[in-house]
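Residue strings, one per chain:
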Amino acid sequence: MSRQITFISGGAAIAIFIVGLVSWWLLAGARGTPTQPPSPAATAAVTKPTASGMSSPVPTEVADAISSLPKDPAEYVSTQSPVRADYAQAFPPGTKTHVVENSWSISGASQGLVQVEISKPNEADQTYAAMMVLEDGKWKVLATVPVTR
């Protein structure tokens with residue numbers, strides 16, 4: 001019984017977090033104000049139009065931040081992130097990340113969403129949508145949401 005209550009409580013907490021995160025994301029996107037002015041390279045990569053208008057090639061700076069997460073998560077997770085994680089558990093030694101090509105979707109000049117595959121040793125690969133934010137001139141992960149197919 002206690003396990004069931006814990007599971008239900010955890011599910012409710014996750015649902016509340018996702019609703020809050022999406023609300024924050026929409027409000028922050030409506031403001032469209034970056035924490036600091038983006039670098040010219042970051043701005044050029046973000047504002048590059050695509051034929052579909054939906055997804056585009058992932059900017060190099062975003063891909064570099066994602067690939068650096070396992071080595072230095074504290075450097076590449078936003079200080080604005082509402083999520084606090086045990087980085088050693090989230091990124092055990094041998095963890096690798098892979099950014100899904102053409103999955104970049106922008107929301108203003110300082111926010112975007114990208115699909116990421118995480119490979120941990122002895123575990124099945126997991127796919128996440130990583131919400132990215134431009135902070136102090138660097139792209140950082142604000143939060144992730146598991147992607148199920």
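These numbers were taken from a predicted model, which means no experiment stands behind them. (Residues numbered from 1 in each chain as written. Predicted model: local features only at pLDDT ≥ 70, side-chain atom pairs only at ≥ 80, totals over all residues. Heavy atoms only, no water.)

Concerning the confidence of the model for the protein chain
Residue-level pLDDT values for the protein chain average 75, and 63% of them are 70 or greater. Taken together, the stretch residues 9-13 has pLDDT below 50 and engages in zero contacts with residues farther than four places along the chain or on a different chain. Every residue in residues 19-53 scores below 50 in pLDDT, and together they form 37 contacts with partners more than four places removed in sequence or on other chains. (pLDDT = per-residue confidence, 0-100. Contact = heavy atoms within 4.5 Å.)

Digging into unusual backbone geometry
If you check the backbone angles, asparagine 102 has positive phi at about 55 degrees while not being a glycine. By secondary structure assignment, the location of asparagine 102 is in the loop between strand S1 (96-99) and strand S2 (105-106). For asparagine 102, a relative accessible area of 48% puts it in the partly exposed group. Of note, the phi angle at aspartate 136 is positive, near 55 degrees, even though the residue is not glycine. As for its position among the elements, aspartate 136 is in the loop between strand S4 (126-135) and strand S5 (138-146). (Helix = DSSP H or I, 4+ residues; strand = E, 2+ residues; numbered from the N terminus. Buried < 20%, exposed > 50% of the residue type's maximum accessible area, 1.4 Å probe, protein only.)

A word on the packing of aromatic side chains
For the structure shown, the criterion picks out one aromatic pair. Ring geometry for tryptophan 104 and tryptophan 139: centres 5.3 Å apart, planes at 85 degrees, overall edge-to-face. Of this pair, tryptophan 104 sits in the loop between S1 and S2 while tryptophan 139 sits in strand S5, and the two are 35 residues apart along the sequence. When sorted by exposure, tryptophan 104 lands in the same class as tryptophan 139, which is buried. (Phe/Tyr/Trp six-rings, centres within 6.5 Å; stacked < 30°, edge-to-face > 60°.)

A look at the nonpolar core
Formed by 18 residues in total, the largest nonpolar core has its most connected members in Val62, Ile66, Trp104, Val114 and Met132. Secondary-structure elements contributing two or more residues to this core are helix H3 (60-68), strand S3 (111-119), S4 and S5. Residue contributions to this core peak at four residues, all from S4. Setting aside residues up to four positions removed in sequence, isoleucine 66 forms contacts with Thr97, Val99, Val114, Val116, Ala130, Met132 and Val141. (Core = buried A, V, L, I, M, F, W, Y, C linked by side-chain atoms within 4.5 Å.)

What about H3?
Think of an α-helix as turning once every 3.6 residues; residues three or four places apart then point the same way. Listed as buried for H3 are Val62, Ala65, Ile66 and Ser68. Viewed end-on, H3 has its buried residues packed into an arc of 165 degrees, placing them on one side of the element. Taken together, the buried residues of H3 touch helix H4 (73-76), S1, S3, S4 and S5. (Arc of directions from axis to C-beta.)

Points about the environment of glutamate 101
When you line up the elements, glutamate 101 lands in the loop between S1 and S2. Judged by relative accessible area, glutamate 101 falls into the exposed class, the value being 60%. Along the backbone, glutamate 101 and serine 56 are 45 residues apart, and their C-alpha atoms lie at a distance of 8.1 Å.

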